[in-house]
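Examining the three-dimensional arrangement
Single-letter residue listing:
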Amino acid sequence: MSDQVKYLLSEEQMPKSWYNIAADLPVPLAPPLHPGTGKPIGPDDLAPIFPMEVIRQEVSTERRIDIPKEVRDIYRQWRPTPLFRARRLEKALGTPAKIFYKYEGVSPAGSHKPNTSIPQAFYNKAEGVKRLTTETGAGQWGSSLAFAGALFGLEVEVFMVRVSYDQKPYRRALMEAYGARCIASPSTETASGRAILAEHPDSTGSLGIAISEAVERAVQSPDTKYALGSVLNHVLLHQTILGEESMLQMEMADAYPDVIVGCTGGGSNFGGIAFPYLGEKLRGGRDVEIIAVEPAACPTLTKGTFAYDFGDTGHLTPLVKMHTLGSTFVPPGFHSGGLRYHGMAPLVSHIKELGLISARAYKQIEIFEAGVLFGRTEGILPAPEANHAVKGAIDVALECKRDGRARTILFNLCGHGHFDMQAYIDYAAGKLRDIDYSQAELERALAGLPKVAA
Ligand SMILES: Cc1ncc(COP(=O)(O)O)c(C=O)c1O
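Every value quoted in this text rests on a predicted model; they were computed, and no experiment measured them.

Looking at the side chain of Asp 309
For Asp 309, the position within the fold is in strand 12 (residues 305-310). Among buried Asp, Glu, Lys and Arg side chains, Asp 309 stands out as unpaired, with Lys 451 the closest opposite charge at 10 Å. There is a polar contact of 3.1 Å between the side chain of Asp 309 and the backbone nitrogen of Ser 327.

Side note on the site of the ligand
Among the 17 residues in the neighbourhood of the ligand, the closest are listed as Ser 230, Gly 265, Gly 267, Ser 268 and Asn 269. Within the contact set of the ligand, an oxygen atom lies 2.8 Å away from a backbone nitrogen or oxygen of Gly 267. At 2.7 Å from an oxygen atom of the ligand is found a side-chain nitrogen or oxygen belonging to Ser 268. Taken by itself the ligand offers 390 Å² of open surface, and the protein chains cover 98% of this. Of the residues belonging to the shell around the ligand, the class tally is five nonpolar, ten polar and two charged.

Focus on unusual backbone geometry
Each neighbour pair has its own omega, and for Arg 79 with Pro 80 the value is -10 degrees, a cis peptide bond. With respect to the secondary-structure elements, Pro 80 resides in the loop between helix 3 (69-75) and strand 4 (83-85). Note the cis peptide between Ser 185 and Pro 186, where omega equals 10 degrees. The phi dihedral of Asp 254 falls on the positive side, at around 55 degrees, and the residue is not glycine.

Re the nonpolar core
Trp 18, Phe 50, Tyr 75, Ile 118 and Tyr 226 are the most contacted members of the largest nonpolar core, which totals 54 residues. Setting aside residues up to four positions removed in sequence, Tyr 226 forms contacts with Ile 49, Phe 50, Thr 133, Thr 134, Glu 135, Ile 211, Ala 214, Val 215 and Ala 218. Among the nonpolar cores identified, the runner-up in size contains 37 residues, and Tyr 103, Val 259, Ala 370 and Ala 386 belong to it.

Considering the pairing of strand 10 (residues 259-263)
Judged by how many residues are buried, strand 10 sits mostly within the fold: five of five residues are covered. Neither face of strand 10 is exposed, since Val 259, Val 261 and Cys 263 on one face and Ile 260 and Gly 262 on the opposite face are all buried. Looking at chain direction, strand 10 and strand 11 (residues 289-295) are connected through five bridges and run parallel. Paired with Gly 262 across the bridge in strand 11 is Ala 292. Judged from the three bridges that link them, strand 10 and strand 15 (residues 408-413) form a sheet pairing that is parallel. In the strand pairing of strand 15, Val 259 is matched with Ile 409.

Considerations on the pattern of salt bridges
Applying the stated criterion across every chain, the model contains 27 salt bridges. Note that Glu 12 and Arg 76 form a salt bridge whose closest N and O atoms lie 3.8 Å from each other. Pair noted here: Glu 12 is in the loop between strand 1 (6-7) and strand 2 (17-19) and Arg 76 is in the loop between helix 3 and strand 4, with a separation of 64 residues, a long-range link. Judged by relative accessible area, which is 58%, Glu 12 ranks as exposed. Between Arg 85 and Glu 90 there is a salt bridge, and its shortest N-O distance comes to 2.7 Å.

Some points on the sheet that holds strand 11
Sheets are built from strands that pair by backbone hydrogen bonding, the pairs being arranged parallel or antiparallel. Strand order in the open sheet formed by seven strands is 1-4-5-15-10-11-14, with mixed pairing between adjacent strands. For this open sheet the edge positions go to strand 1 and strand 14 (358-362), each flanked by a neighbour on one side alone. Here helix 15 (residues 364-378) sits on the sheet and contacts strand 4, strand 5 (98-103), strand 14 and strand 15; the angle it forms with strand 14, its principal contact strand, is near 95 degrees.

Analysis parameters
- Residue numbers run consecutively from 1 along every chain, following the written order of its sequence.
- Given that the model is predicted, a residue must reach a pLDDT of at least 70 before its local features are reported, and side-chain atom pairs must reach 80 or more before they are shown or counted; all residues, however, enter totals for whole chains, interfaces and linings.
- By convention in this description, side-chain values take in all heavy atoms of the structure and omit both hydrogens and water.
- Secondary structure elements follow DSSP: runs of H or I no shorter than four residues count as helices, runs of E no shorter than two count as strands, and numbering proceeds from the N terminus.
- We call a residue buried when its accessible area falls under 20% of the maximum for its residue type, exposed when it is over 50%, and partly exposed in between, using a 1.4 Å probe and counting protein chains only.
- In this tally Asp and Glu are treated as negative and Lys and Arg as positive; neither His nor the chain ends contributes.
- Throughout this description, the term salt bridge denotes a Lys or Arg side-chain nitrogen within 4 Å of a carboxyl oxygen of Asp or Glu.
- Under the rule applied, a polar contact is a pair of N or O atoms within 3.5 Å (in protein, one hydrogen donor and one hydrogen acceptor; residues adjacent in sequence only if both atoms are side-chain atoms).
- Think of it this way: one heavy atom of a residue within 4 Å of a molecule or strand is enough to make that residue near it.
- The method behind every accessible area is Shrake-Rupley, applied with a 1.4 Å probe, and residues are considered shielded solely by the protein chains displayed.
- For this scheme, ten residues count as nonpolar: Ala, Val, Leu, Ile, Met, Phe, Trp, Tyr, Cys and Pro. Four count as charged, namely Asp, Glu, Lys and Arg, and the remainder, Gly too, count as polar.
- Residue types Ala, Val, Leu, Ile, Met, Phe, Trp, Tyr and Cys, when buried and joined through side-chain atoms within 4.5 Å, form a set referred to as a nonpolar core.
- The contact criterion used is simple: two residues touch if any of their non-hydrogen atoms lie within 4.5 Å.
- Any two strands with at least two DSSP bridges between them are considered paired.
- Interaxial angle, 0 to 180 degrees, is taken between N-to-C directions of lines fitted to C-alpha atoms, where a helix line uses only the stretch in contact.

Written as structure tokens, this is what we have:
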């Protein structure tokens, strides 16, 4: 059918394993280091914060890792997610390009994040953990872990970045409805939070600070562990289900992407859509151009330094080699809370260094313009984070129009914006500003990068 819009898979067609790109990398990833000794960390160093199965996945080089049946049974609630051909958007742009998007906003939390909150909760429960702590920026990850906690009978405590806590009371309410406790970060409940507040009583917070608070809390009790919503290898692994599904759906559409676009905060939805295709290319398959899109106000991949750094502001985490703006960098309070992170997934950073992907940065107003055009043509109003991918895909489609090239574009629409309407209200009222980061703040934060011999 030549005018088909949706490509749907049955529950039986849902992939039964995740794809691990570590198996196909031409150069292995630099190991995480112990902040005290500077030596590569071992499983025992991570055991206070993560369950063993998660640690095993973090370091695994097996190409395929089975998705437990219990996890697949929960995934069925919203997976497989639809793949759409953006026919009305193509028409509005007048582009010869074909635009496809994978839509992850159909999950209960409204984004890709439950793809990893469910397995993480499952592995923790299986190892006897009672309580999970975490950070959240936009509130998407906090809601997703709260949802997973409700299903597995785990207590969940979420440190929510202050600026998002104030911007998004309904995300907070959703977490609480699922039974989680939500605390504005920086808070007075942890030493890391108190240290920040002593110096900056009006701190808007950051993901780096919220991570410190959540990790600090987890290491204090043996029945409590920490769950991270992005950045680490196991999180990107879990997200590959969406890219794996999209491969089957693109086949149904008799198409293969020439270009893949995803937004990057910590890199997980981007890894999810891009890695299965990149893996195929690395194994001698078809070539594909892969573009990561990030906010110009927190430009980790385009302006960051590739170096060992802490994952958090309070320096409780191991050192990982990644593109970083410096662990104490506090991005301005723009409306894409999920992209306000100083670092990038080591896997995404590594493939950027290897020249396997490129990155673009966009400002706040232009990504909302793209999101509104998308809403007016395709009907779905994206999350502000997802608007970065929409803008990236639109720009590639317009380049195709200029050059008369009918390329096939695939992007990940990682979430809907129904809890982000204040941002759209501000946009419609002309109140949004293209807030820039401070160069002095960036230089100060980069000057604080840890000295590592490697
Ligand atoms: C809707 C949405 N998209 C993207 C992100 C960024 O995370 P990642 O880069 O790990 O996909 C977030 C993070 O909270 C999010 O909520």
